[in-house]
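Chain and residue survey
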Amino acid sequence: MKVCILSLVEMKHMVMSSIYTDYFHRNGIQYDIVYLDRYNLEENSKAQTIYRCICSKYGFWSKIYGYIKFKLYAQQILQKNKYDFVVVWNEYTSVLFSHYLVKHYHQKYSVNIRDLFNEKSIIRNPKILNPLLKQAIKNSLFVTVSSGKYIDYLPKYNNYHFIHSINSEILPKAKLYSVQGNIKPIKILYIGKIGYLNEVKRLIDCLKNDDRFLMKFVGIGSEIVKTYADDCGCKNVEFVGSFERQKTLEYLNEADIIYNLYNPTNACERTALSNKLYYAVCLNVPILVFKNTYMYEIAEECGIAFAVDGRFDNSLGNELYRWFEQFDRKSAQKKCESFLTKAKESKIIFYNYLDNKLLKEKK
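Chains are numbered independently. Their residues run from 1 in the order of the written sequence. Local features are withheld for residues below a pLDDT of 70 in this predicted model, meaning they are given only at 70 or higher, and side-chain atom pairs are given and counted only at 80 or more; totals for whole chains, interfaces and linings count all residues. Excluded from the side-chain calculations are hydrogens and water; all other atoms, namely the structure's heavy atoms, are used.

**What to know about the nonpolar core**
Note the threshold: Joining through side-chain atoms within 4.5 Å is the link that ties buried Ala, Val, Leu, Ile, Met, Phe, Trp, Tyr and Cys residues into a set, and such a set is a nonpolar core. Here's how the labels work: a residue is buried when its accessible area is under 20% of the maximum for its type, exposed when over 50%, partly exposed in between, all with a 1.4 Å probe on protein chains only. Contact between two residues is taken to exist if any of their heavy atoms lie within 4.5 Å; hydrogens are not considered.
Ranked by size, the top nonpolar core spans 64 residues in total, and within it Phe24, Ile258, Ile304 and Phe350 carry the most contacts. Each residue touching Phe24, except ones within four places of it in the same chain, is listed here: Val3, Ile5, Ile29, Tyr31, Val87 and Leu358.

**Quick word on the pattern of salt bridges**
Test applied: A pair is scored as a salt bridge if a Lys or Arg side-chain nitrogen falls within 4 Å of a carboxyl oxygen belonging to Asp or Glu. By the criteria applied, helices consist of DSSP H or I runs no shorter than four residues and strands consist of E runs no shorter than two, each listed in order from the N terminus.
This structure, assessed with the given rule, holds 11 salt bridges. In this structure, Lys2 and Asp32 form a salt bridge, with 3.4 Å as the shortest nitrogen-oxygen distance. With Lys2 in strand β1 (residues 2-7) and Asp32 in strand β2 (residues 30-37), the pair connects residues that are 30 residues apart, well separated along the chain. Residue classification places Asp32 among the buried positions, given a relative accessible area of 0%. Overlapping salt bridges, with partners in common, bring together Lys187, Lys216, Glu238 and Glu254 in one network.

**Overview of the packing of aromatic side chains**
In plain terms, the rule: The pairing test for Phe, Tyr and Trp rings, Trp by its six-membered ring, is centres within 6.5 Å, and the orientation test on the planes gives stacked under 30 degrees, edge-to-face over 60, and tilted for anything in between. Consider the ring centre and the ring normal. A charge sits over the ring if Lys NZ or Arg CZ is within 6 Å of that centre and within 35 degrees of that normal.
Counted by the stated rule, this structure contains 23 aromatic pairs. Ring centres of Phe85 and Phe142 lie 5.9 Å apart, and the angle between their planes is 15°; this geometry places the pair in the stacked category. Here Phe85, found in strand β4 (residues 85-89), pairs with Phe142, found in strand β6 (residues 142-145); they are 57 residues apart in sequence, far enough to count as distant. The two residues Phe85 and Phe142 agree in class, both being buried. For the pair Tyr190 and Phe217, a centre-to-centre distance of 6.1 Å together with 45° between the ring planes defines the contact as tilted. Here Phe217 lies in strand β9 (residues 213-218) and Tyr190 lies in strand β8 (residues 186-191), a separation of 27 residues in the sequence. Each member of the pair, Tyr190 as well as Phe217, is classed as buried. In this structure, Lys149 is placed above the aromatic ring of Tyr294, and the distance from its NZ or CZ to the ring centre is 5.2 Å. Its end group placed over the ring of Tyr321, Arg212 keeps NZ or CZ at 5.0 Å from the ring centre.

Right under this line is the structure:
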């Protein structure tokens with residue numbers, strides 16, 4: 001049996017493909033990776049063959065050209081290699097290849113939903129893209145989602161699988177503290193591609209030059225935040241741009257609080273469970289989240305949620321500092337361990353499902 005992972009994003013942005021690659025390695029299944037490379041950076045992988053289509057990431061028309069170029073490039077590979085199964089990584093890849101997959105790989109691929117489409121975006125509007133996504137979903141063997149709440153907003157389908165975003169290779173071990181509180185400065189870490197800049201700027205404005213806190217932004221897009229911090233005279237900040245995936249643990253182990261403030265103005269932000277939740281759960285550290293989100297619901301269940309209800313004012317720093325000093329680490333650790341146990345059990349159930357669907361064909 002030979003499998004292909006097909007993706008519009010680079011390997012560094014699809015760390016949770018480990019859900020599949022771990023399974024493939026365990027069962028001796030060969031796989032290739034075909035992806036669009038917008039950074040022109042070679043990445044290492046245990047895949048048998050890596051096919052990367054290099055294209056510029058800058059400008060609207062450059063992106064459109066890149067998608068067309070990648071589609072033609074990838075379809076040639078899919079047609080030539082005639083894979084037994086294709087893992088279609090993320091909803092945008094599923095939309096782009098919807099017609100081709102239905103015609104040539106009917107019931108021989110999975111759709112993997114990482115996010116919902118954004119109702120406020122013209123080019124990412126669900127009214128435009130959902131018909132293609134629906135077609136891809138209906139003709140797939142199964143669909144995985146990174147949040148169980150997404151299913152309420154997706155086409156009706158009887159084979160959705162909610163898979164927790166747990167990658168054992170990059171998730172950290174629980175942090176150990178010799179004393180309660182007394183950490184100064186408290187390091188707030190935003191790790192990953194930097195987005196939702198309005199919330200970032202508002203937090204900087206609230207905590208600017210407060211020596212009780214150090215805000216650290218690690219990932220692509222941090223350059224924009226640095227410019228803003230420099231312009232407003234904020235000194236208690238650090239920045240790291242694009243980084244190697246292998247350094248994720250190093251940065252996570254510095255964190256006292258994980259940043260996850262995505263304004264819940266649409267369904268995607270209200271229902272998402274980001275990788276940052278799992279970082280915080282594994283570290284047993286607090287996470288900044290907005291109320292009225294699924295992130296808050298799960299983080300509160302784990303005892304690590306500091307809820308921001310939309311207020312960004314001078315009182316936020318004092319409230320956060322007092323809350324952090326009183327943070328019950330022992331209680332949070334027990335709750336986080338319980339959550340992780342259930343999450344790992346769901347992965348075992350999914351692997352049993354793959355045994356029935358993929359290994360039988362392999363034999």
